[in-house]
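Letter by letter, the chains look like this.
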Amino acid sequence: MLLEDLRAEVVRYTRKMATSGLVRATQGNLSARDPATGHICITPSGADYETLTADDIVVVDEEGRVVEGRWRPSLETPLHTFILRRRRDIHCVMHTHSPYATAFGVVYQPVPVVLSESAACLGAEVLVAPYAPSGTPEFAALIAEHLGEGSAIIWGNHGAMVVGTPLALTFSIAHALEDSAMVYAIARQLGEPELLPPEEVAQLHAFWLAHYGQRALASNPVAAEG
Ligand SMILES: [Zn+2]
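Note that the structure is a prediction, hence the values are computed from the model and not measured.

## Details of the overall build of the protein
- On a plain count of helices and strands, the protein comes out with 7 helices and 8 strands.
- The C-alpha atoms of the protein give a radius of gyration of 17 Å, which matches the 17 Å a tight globule of 226 residues would have.
- The principal-axis extent of the C-alpha atoms belonging to the protein is close to 55 × 35 × 30 Å.
- Looking at the protein as a whole, 50% of its 226 residues are labelled buried.
- Considering only residue pairs separated by 6 or more positions, the protein has 67% of its internal contacts joining residues 24 or more positions apart.
- For the protein, the computed accessible surface area is about 10,200 Å², with 55% contributed by carbon and sulfur atoms.

## Structural notes on the layout of surface pockets
- Here the second largest pocket defines a volume of roughly 180 Å³.
- Around the second largest pocket, the lining is made up of 16 residues, and of these G28, N29, S74, L75 and E76 lie nearest the centre.
- Across the lining of the second largest pocket, the residue classes tally to 4 nonpolar, 11 polar and 1 charged.

## Considerations on the packing of helix α1 (residues 4-19) against helix α6 (residues 167-190)
- Running from amino to carboxyl end, α1 crosses α6 at an angle of 15 degrees, the nearest separation of the two axes being 11 Å. Between α1 and α6, the interaxial angle falls into the category roughly parallel. By crossing handedness, the relation of α1 to α6 is classed as right-handed. Of the residues in α6, those touching α1 at E9, V10, Y13, K16 and M17 are L167, A168 and F171.

## Brief notes about the nonpolar core
- With 42 residues, the main nonpolar core has M94, I154 and L177 as its most contacted residues.
- Where this core is concerned, the elements lending two or more residues are α1, β1 (29-33), β5 (92-96), α3 (99-106), α4 (116-122), β7 (152-155), β8 (159-164) and α6.
- The biggest single contributor to this core is α6, with 11 residues.
- In this view, M94 contacts M17, L22, N29, L30, A160, M161, V162, T170, F171 and A174; residues no more than four positions away in its chain are not counted.
- Among the nonpolar cores identified, the runner-up in size contains 21 residues, and I40, F139, L142 and L147 belong to it.

## What to know about helix α5 (residues 137-147)
- Among all positions in α5, only F139, A140, L142, I143, A144 and L147 are buried.
- Buried residues belonging to α5 abut α2 (77-86), β6 (128-129), β7 and β8.
- Of the residues trailing α5, G148 is marked for its positive phi of about 55 degrees.

## Examining the coordination of the zinc ion
- Donor atoms from the polypeptide that bind the zinc ion are H95 (NE2), H97 (NE2) and H158 (NE2), placed at 2.1 Å.
- All donors to the zinc ion come from one chain, and their sequence spacing reads H-x1-H-x60-H. Residue H97 is found in the loop between β5 and α3, and its partner H158 is found in the loop between β7 and β8; the two are separated by 61 residues along the sequence.
- Look at H97 and you get partly exposed, because its relative accessible area is 23%.
- The exposure class assigned to H158 is partly exposed, which follows from its relative accessible area of 22%.

Parameters and conventions
- Residues numbered from 1 in each chain as written.
- Predicted model: local features only at pLDDT ≥ 70, side-chain atom pairs only at ≥ 80, totals over all residues.
- Heavy atoms only, no water.
- Helix = DSSP H or I, 4+ residues; strand = E, 2+ residues; numbered from the N terminus.
- Rg over C-alpha atoms; globule rule 2.2 N^0.38 Å.
- Buried < 20%, exposed > 50% of the residue type's maximum accessible area, 1.4 Å probe, protein only.
- Contact = heavy atoms within 4.5 Å.
- Areas by Shrake-Rupley, 256 points an atom, 1.4 Å probe, with all protein chains shown as cover.
- 1 Å grid on protein atoms, 1.4 Å probe; cavity = no way out; pocket = protein on both sides within 12 Å on 5 of 7 lines; lining within 4 Å.
- Points joined across faces, edges and corners; volume = space filled by probe spheres on them.
- Nonpolar A, V, L, I, M, F, W, Y, C, P; charged D, E, K, R; others polar.
- Axes fitted to C-alpha atoms, helices over the stretch in contact; angles between N-to-C directions.
- Parallel < 35°, antiparallel > 145°, perpendicular 65-115°, else oblique.
- Left-handed = near helix turned anticlockwise from the far one by under 90°.
- Core = buried A, V, L, I, M, F, W, Y, C linked by side-chain atoms within 4.5 Å.
- Donors = N, O, S within 2.8 Å, 3.2 Å for Na, K, Ca; no water.

The following block contains the structure:
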């Protein structure tokens, strides 16, 4: 089996997405690129996360053509491959339906930077991309444009997406986004939330990039724990 270790890690983090509440049932999808070959391990369409095994993960090339696998790759494969072709600085793409981040995408409000942890790995407020039906090349281009060089983007009336390297760090970024959205939503009910000053956000993010981002870049998607 090609890329057995990376496939196993994709299974592990797909389960973690489900057990930690980032997705439910068969929602969401996850991909990780092997830097050596450029091949991408991606969850299959309609995966049952409870019974998912490494053998179920599909290996595609950067154009989305199946290299090895017994199922159809995720319907969002055009988006994953588009982002991974465009962004050489990251190797993993995670799409979730985490409820608080998704709620911000329903009211079309960005998630501001209110927590130091989120400031560190997100580096800026997380924007909401306009609604468009997913699964098409046009959708992929829309999301890539709104993501830019960032770590996270919310899809209007749909869910969230984060990018990173390795898988462990990507998973942390997905939780940092959800935590920010949740805490900000709760704080707004208590009073007027204080945002972190932009210079503090810049400093925290620069420190994070120097200590985690750079190390992650040098590693493959399975090696380092964030
Ligand atoms: Zn979705």
